[in-house]
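Working through the structure, step by step
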Amino acid sequence: MHVPTEGSIRVHNRTITYLDAGDPRGSLIIHNHGGPSSRLEAELFDSAAKAHGLRFVCADRPGMGGSDHQPDRTFESWADDLVRLADSLGADQFAVTGWSEGGPWALAAAAYLDPERLVHVACVAGGNYGTFGANWAAQYLSSLDALGGRLALHFHPGFKLMYEMLGMSAKHFGNRYADAIVKSTSAADREVLADPEVMTSFLAASQECFRQGADGLVVDATMLYKAWPFDMTMVMRPVHFWQGDADTLVPEVINKMVADKTPGAIWHPVTGGGHFIAVSHADQILALAAKDLAPRMS
């Protein structure tokens, strides 16, 4: 049986590293990992991708895991990188998913890429904090995440220190880091994380994020809090929003407001679901992607 394999491409003198999971002969999904996370997140979706005959590829964004830093990176430049990755993998059409901090990068792909090429977009519990202006969702966030937004926009050294401490915790005190995640989540999430294989993969993906330090994640998260350069109210193509109503990390109200103002939004509420619906509902999420990709299979 195929096991996830490492790969990389060169784009404008920098390397993008990815993990290739699922069915290597299947239609392509490019997944945008959360934060702190990395390409290793693909392991969480390997079995569901295989079940639906999908090739599931997750790339490290710049400065995280094995991907090189990219000065002056933008949402549009990452959308372009997704196309280059699809090109390198021989995919004429592909789908994009994004979970948590990866959600905004999936939405950027929906805004910037040709729907004839990008045939399915799913945002799962996305950290969409800059959709309608800088840190617009602060009033709905936990006090810690709201503080992160204020630091990102107004005191960057403090924001960087916060993520450096997070990286130290993940890399050197893994058990404490895992316990803190569990305590911050809903009952549904704790059930997901009680699976040792899930927790092991999740923790490995988080630790790998900090391989080069915290700078890549700091840039990534700062961009999420700043006002986005693309307008979701102008995105007419179908965009699937998956959201648990018991999510303690990204409250439902945030993504419901984003979906309500996105003309092409398709809302998928998960009653009792938490932040880890990406894992618990991977089968349903990938089934819809497979359906959109199927008519275009050769």
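In short, a report on the structure. The structure displayed is predicted, hence computed values, not measured ones.

Reading the values: the criteria
Residues numbered from 1 in each chain as written. Predicted model: local features only at pLDDT ≥ 70, side-chain atom pairs only at ≥ 80, totals over all residues. Heavy atoms only, no water. 1 Å grid on protein atoms, 1.4 Å probe; cavity = no way out; pocket = protein on both sides within 12 Å on 5 of 7 lines; lining within 4 Å. Points joined across faces, edges and corners; volume = space filled by probe spheres on them. Helix = DSSP H or I, 4+ residues; strand = E, 2+ residues; numbered from the N terminus. Nonpolar A, V, L, I, M, F, W, Y, C, P; charged D, E, K, R; others polar. Core = buried A, V, L, I, M, F, W, Y, C linked by side-chain atoms within 4.5 Å. Buried < 20%, exposed > 50% of the residue type's maximum accessible area, 1.4 Å probe, protein only. Contact = heavy atoms within 4.5 Å. Salt bridge = Lys/Arg side-chain N within 4 Å of Asp/Glu carboxyl O. Phe/Tyr/Trp six-rings, centres within 6.5 Å; stacked < 30°, edge-to-face > 60°. Pairing = 2+ DSSP bridges. Axes fitted to C-alpha atoms, helices over the stretch in contact; angles between N-to-C directions.

1. So, the layout of surface pockets
Considering only enclosed or pocket space, the largest pocket measures out at about 910 Å³ in volume. Gly35, Pro36, Asp145, Leu166 and Ile181 are, among the 32 residues lining the largest pocket, the residues nearest its centre. A per-element tally of the lining of the largest pocket places helix 5 (residues 156-172) first, with five residues. The class makeup of the residues in the lining of the largest pocket is 18 nonpolar, eleven polar and three charged.

2. Details of the nonpolar core
Ranked by internal contacts, the top residues of the largest apolar core, which has 99 residues, are Phe94 and Trp99. No other element matches the seven residues that helix 2 (residues 75-88) contributes to this core. If we skip the residues at most four places from it in the chain, Phe94 touches Leu28, Ile30, Leu82, Val83, Ala86, Leu113, Arg117, Leu118, Val119, His120 and Leu293.

3. Re the pattern of salt bridges
With the rule as written, the count across this model stands at 15 salt bridges. In this structure, Glu6 engages Arg39 in a salt bridge whose closest nitrogen and oxygen atoms are separated by 2.7 Å. Residue Glu6 is found in strand 1 (residues 5-11), and its partner Arg39 is found in the loop between strand 3 (27-32) and helix 1 (46-51); the two are separated by 33 residues along the sequence. Of the charged contacts, one joins Asp23 and Arg25 as a salt bridge, the two residues approaching to 3.7 Å between their closest N and O atoms. Residue Asp23 is classed as buried on the basis of its relative accessible area of 18%. The class for Arg25 is exposed, based on a relative accessible area of 77%. Among the ionic contacts, a cluster of salt bridges with common partners joins Glu6, Arg39, Asp60, Glu208 and Arg211.

4. A word on helix 3 (residues 103-112)
In terms of residue burial, helix 3 counts as a mostly covered element, since eight of its ten residues are buried. Taken residue by residue, helix 3 has Gly103, Pro104, Trp105, Ala106, Leu107, Ala108, Ala109 and Ala110 as its buried positions. The secondary structure elements touched by the buried residues of helix 3 are strand 3, helix 2, strand 5 (94-99), strand 6 (118-124), helix 9 (215-225) and strand 7 (239-244).

5. Notes on empty space enclosed by the protein
Inspection of every chain in the model, using the stated rule, returns one cavity of 30 Å³ or more. Within this model, the largest cavity holds a volume of roughly 60 Å³. The set of elements that each furnish at least two residues to the lining of the largest cavity consists of strand 5 and helix 12 (282-293). Examining the composition of the lining of the largest cavity, we find that three residues originate from one element, helix 12, more than from any other. Tallied by class, the residues present in the lining of the largest cavity amount to eight nonpolar, two polar and no charged.

6. Considerations on the side chain of Glu208
With respect to the helices, strands and loops of the structure, Glu208 is situated in helix 8 (residues 196-209). On the basis of relative accessible area, Glu208 is assigned to the buried category, the value being 14%. Look past the residues within four positions of Glu208 in its chain and what remains in contact with it is Ser38, Arg39, Leu40, Gly65 and Gly66.

7. Some details on the packing of aromatic side chains
Throughout the structure, instances matching the rule amount to 14 aromatic pairs. A centroid spacing of 6.2 Å and a plane angle of 85 degrees characterise the contact between Phe45 and Trp99, whose relative ring orientation is edge-to-face. In this pair, Phe45 is assigned in the loop between strand 3 and helix 1 and Trp99 in strand 5, connecting sequence segments 54 residues apart. Taking relative accessible area as the criterion, Phe45 reaches 5% and is therefore assigned buried. Look at Trp99 and you get buried, because its relative accessible area is 3%.

8. Points about the environment of Ala180
With respect to the helices and strands, Ala180 occurs in helix 6 (residues 174-183). Counting along the chain gives 106 residues from Ala180 to Thr74, while the straight-line C-alpha distance between them is 31 Å.

9. Points about the sheet that holds strand 6
The eight strands lie next to each other as 1-2-4-3-5-6-7-8, forming an open sheet whose pairing is mixed. Two strands bound the open sheet, and with one partner strand each, they are strand 1 and strand 8 (265-270). Averaged over neighbouring strand pairs, the angle between their axes works out to 25 degrees when direction is ignored. Where strand 3 lies against strand 5, five bridges are found, and the strand directions are parallel. Within strand 5, the residue paired with Ile29 across the bridge is Ala95. Sheet strands in contact with helix 2 are strand 1, strand 2 (14-22), strand 3, strand 4 (54-59) and strand 5, and its direction is about 150 degrees off that of strand 3.

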